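Examining the three-dimensional arrangement
Listed here are the chains, written in short residue letters.
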Amino acid sequence: MGGRFMKDLILKNKKFVLITLVLVILTSVTATITPIIIQAVTNQTTGMSKNIFGIVITAMFVSFALQFALLIYRQNYAAKFNTEHISSLLRKMFEMKYDAYSKLEPTYLINRIVTAVDSLYLFMLSSLEGITQATFIIAVSLFLAFSVHWVIFVVLLLLIPVNYFGFRFINKRLKQKMEAMQSKSAIANKDLVSTLSNVDNIKQFSDYRTLENIVVPSLGKMYRTLANTNKFAQGSSSIIDFINQLVQTLIYLEITYSITQQWLPISTIVIIGIALPLFFNSLRKLTEVNLSFKTLETSLDFVKNELDHNKEDDGPQQLNTIESISFDNPAFKLGELNFRFFVRKQLSKGEVVYLRGPSGSGKSSLLKLLLKFRHSHGIHINNTPIEMISNHSLRSRIAYLSQHATILSRSLQENIGFGRLLTEEEKAYIEQSRILAPILQSKSWETLLMENGANLSGGEKQRIAIARMLLKDADVYILDESTSSIDQASSDDIFKTMLTMAKDKIVIYTSHDSESVKYATTIISVETERSGEPITSND
Ligand SMILES: Nc1ncnc2c1ncn2[C@@H]1O[C@H](COP(=O)(O)OP(=O)(O)O)[C@@H](O)[C@H]1O
Ligand SMILES: [Mg+2]
């Protein structure tokens with residue numbers, strides 16, 4: 001991990017870093033002031049004055065107040081910082097290539113993203129502070145040790161490289177184990193979500209054992225990997241801890257012995273009694289920092305290797321409107337497999353196009369090329385090669401409806417506005433289209449829908465998706481099997497609504513119901529040729 005990342009992180013959060021540093025240094029000063037005062041006082045000939053009590057107690061209170069202020073400030077900052085971070089990672093996920101997104105699977109990606117956000121948060125909020133505080137306190141305690149006896153100073157100083165190289169040695173293996181752990185836990189989470197999300201499927205199992213057999217093995221694997229990582233991390237750090245403790249005990253013994261022999265004044269035990277715990281606690285803190293740093297590095301590697309590396313291609317050409325689409329034997333690559341369509345056709349506004357072909361012939365794949373889900377050749381939009389057109393401007397002119405409508409656990413109107421409320425005009429427009437009539441009989445605009453549309457029929461879900469389309473100002477409407485697996489009445493309504501939208505638009509649809517060909521003005525038969533090695537299965 002480069003220093004560039006650290007530099008960016010610090011620059012982006014300048015104010016936070018600065019305030020944290022100032023507060024941390026102040027707390028460190030107040031935390032180390034007692035032994036320093038005692039040391040200073042015992043060197044004076046006048047002896048110890050009672051004022052010391054007041055100074056020490058005040059320092060402790062100030063230290064506490066500062067730590068408290070730091071805590072509040074950090075937490076307030078965290079809310080904003082985490083929100084921005086997760087949003088930037090979700091944007092990367094949004095910009096991923098279609099096939100990488102679906103191969104890695106959404107739940108897996110989300111889990112890794114959340115881990116990445118958590119680990120940066122931990123790093124920013126505790127590690128940054130930990131490093132500063134530990135470095136400061138180590139320096140002060142080394143100074144105190146030196147003031148007692150130079151041998152103690154040298155012994156403590158030697159412990160720093162022992163700790164440093166010890167951890168460097170551990171870290172190499174730790175990182176591999178952490179990657180395995182983060183990935184296993186995301187896989188287990190993904191399994192859980194995909195298995196448990198369909199309640200109809202879960203409740204038809206006659207006993208829990210069936211469910212247990214599917215989900216528990218991967219959970220077991222996850223927890224074993226976690227245990228292995230912890231065993232390694234804690235086991236190897238405990239060896240270093242043991243060396244530290246051994247040295248600490250030896251120093252205590254030596255000091256006590258020296259005092260009984262009257263080689264050292266009695267006040268040294270007080271100074272050493274405060275300085276050594278400060279020193280060793282700070283060393284230990286650096287260990288924790290090291291761990292959270294490794295977790296962060298692992299997450300950053302994920303962001304770099306999976307999110308940044310799989311960014312989709314974009315084109316430079318902006319598009320205001322889609323006037324025409326032409327197919328000139330489009331071709332694309334799926335893994336090692338080359339697909340070529342035998343389709344030559346120019347489509348222009350007003351056409352309603354039916355894509356014909358048996359299941360598996362490539363209809364959905366062809367439609368996805370129109371949205372630039374995959375890189376392709378042989379398609380022109382307004383006579384410009386589709387590869388050259390900006391993804392955003394192209395997709396903003398196309399409304400796409402697949403077989404499965406996404407239903408959010410929001411109100412009916414927010415489902416149609418996709419998160420926003422509808423205006424009165426929009427509601428009136430949809431009501432007048434009658435596409436939602438069967439739903440509005442029993443529900444209102446305010447009714448909460450459930451995740452995956454659990455309180456809707458298949459036809460109702462598709463009606464909602466069509467209502468969304470009605471509000472989208474687009475030049476091309478794509479309906480891919482949008483009326484499959486729904487009732488005849490909904491299907492008829494959907495086609496009728498579509499035809500009212502079709503004036504001055506290009507509509508392209510597929511349907512396994514060959515009856516629906518009657519709505520078309522143009523028919524395209526889809527035929528493909530495939531060549532190359534078939535894709536090998538995962539792993
Ligand atoms: N993500 C994918 N990876 C590999 N092969 C795929 C993928 N998606 C579709 N295919 C294959 O491409 C072919 C065309 O699929 P598709 O376009 O969905 O056909 P249609 O919509 O006409 O039924 C099928 O043989 C299918 O198995
Ligand atoms: Mg299909």
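Conventions adopted
- Residues numbered from 1 in each chain as written.
- Chains lettered and ligands numbered in written order.
- Predicted model: local features only at pLDDT ≥ 70, side-chain atom pairs only at ≥ 80, totals over all residues.
- Heavy atoms only, no water.
- Phe/Tyr/Trp six-rings, centres within 6.5 Å; stacked < 30°, edge-to-face > 60°.
- Buried < 20%, exposed > 50% of the residue type's maximum accessible area, 1.4 Å probe, protein only.
- Helix = DSSP H or I, 4+ residues; strand = E, 2+ residues; numbered from the N terminus.
- Pairing = 2+ DSSP bridges.
- Axes fitted to C-alpha atoms, helices over the stretch in contact; angles between N-to-C directions.
- Contact = heavy atoms within 4.5 Å.
- UniProt positions renumbered as here; feature names shortened; annotations may be inferred.
- Near = heavy atom within 4 Å.
- Polar contact = N/O pair within 3.5 Å; in protein donor to acceptor, adjacent residues only side chain to side chain.
- Areas by Shrake-Rupley, 256 points an atom, 1.4 Å probe, with all protein chains shown as cover.
- Salt bridge = Lys/Arg side-chain N within 4 Å of Asp/Glu carboxyl O.
- Parallel < 35°, antiparallel > 145°, perpendicular 65-115°, else oblique.
- Left-handed = near helix turned anticlockwise from the far one by under 90°.
- Nonpolar A, V, L, I, M, F, W, Y, C, P; charged D, E, K, R; others polar.

1. Thoughts on the packing of aromatic side chains
In this description, an aromatic ring pair is defined by two values, namely the gap between the centres and the angle between the planes. Applying the stated rule across the entire model yields 17 aromatic pairs. Aromatic pair F146 and F153: ring centres 5.1 Å apart, planes at 75 degrees, arrangement edge-to-face. Pairing F279 with F280 gives two aromatic rings, centres 5.2 Å apart and planes at 90 degrees, and the pair type is edge-to-face. Site record: aromatic cluster; members linked through ring pairs are F16, Y73, Y77 and F81.

2. Some points on the pairing of strand β4 (residues 352-356)
In terms of residue burial, β4 counts as a mostly covered element, since four of its five residues are buried. Pairing analysis gives three bridges linking β4 to strand β9 (residues 506-510), with the strands arranged parallel. When the bridges of β9 are listed, V352 appears paired with V507. Sheet topology places β4 next to strand β10 (residues 522-525); four bridges connect them, and they run parallel.

3. Examining the sheet that holds strand β7 (residues 398-401)
The five strands are arranged β7-β8-β9-β4-β10 in an open sheet whose pairing can be described as parallel. In the strand order of this sheet, the two ends are held by β7 and β10, each with one partner. Taken pair by pair, the neighbouring strands of this sheet meet at an average axis angle of 15 degrees, ignoring direction. Contacting β7 and β8 (476-480), helix α15 (residues 458-471) runs over the sheet at an angle of about 180 degrees to β7.

4. Observations concerning the UniProt feature "transmembrane region" (unreviewed entry) in the protein chain
UniProt's feature table lists "transmembrane region" (unreviewed entry) at residues 16-40, 52-73, 120-144, 150-170 and 263-280, given in the numbering used throughout. Helix and strand shares over residues 120-144 are 100% and 0% respectively, and the end C-alpha atoms of the span are 35 Å apart. With 100% helix and 0% strand, the stretch residues 150-170 has end C-alpha atoms that lie 31 Å from each other.

5. Observations regarding the site of ligand 1
The full set close to ligand 1 counts 13 residues, and G360, K363, S364, S365 and R530 are the nearest of them. In the model, an oxygen atom of ligand 1 is placed 2.7 Å from a nitrogen or oxygen of the S364 side chain. Bound to the protein, ligand 1 loses 61% of the 560 Å² it would expose on its own. When residues of the shell around ligand 1 are assigned to their parent elements, the largest contribution, three residues, is made by helix α10 (residues 363-370).

6. Description of the side chain of S491
As for its position among the elements, S491 is in helix α16 (residues 488-501). With relative accessibility at 4%, the residue S491 sits in the buried group. S491 has contacts with T483 and I486, leaving out every residue within four places of it along the chain.

7. Observations regarding the pattern of salt bridges
It is possible for side chains of opposite charge to pair when their charged atoms get near one another. Considering all chains together, one arrives at 19 salt bridges under this definition. Here E312 makes a salt bridge to R395, at a shortest N to O gap of 3.1 Å. Here the residue E312 occupies a position in the loop between α9 (267-308) and β1 (324-334), and R395 occupies one in helix α11 (residues 391-395), the gap between them amounting to 83 residues. Residue E312 is classed as buried on the basis of its relative accessible area of 17%. Between R397 and D473 there is a salt bridge, with its nearest N and O atoms 3.4 Å apart. With a gap of 76 residues between them, R397 in the loop between α11 and β7 and D473 in the loop between α15 and β8 connect regions that are remote in the sequence.

8. Topic: α10
Here α10 lies mainly inside the structure; seven of its eight residues are buried. Of the positions making up α10, those classed as buried are K363, S365, L366, L367, K368, L369 and L370. At the C-terminal side of α10, K372 shows a positive phi close to 60 degrees.

9. Describing the packing of helix α6 (residues 150-196) against α9
Between α6 and α9, the shortest axis-to-axis distance is 9 Å and the interhelical angle comes to 25 degrees. The angle between the axes of α6 and α9 places the two elements in the roughly parallel class. In the packing of α6 onto α9, the handedness of the crossing is right-handed. Residue composition of the contact of α6 with α9, by class: 13 nonpolar, eight polar and five charged.

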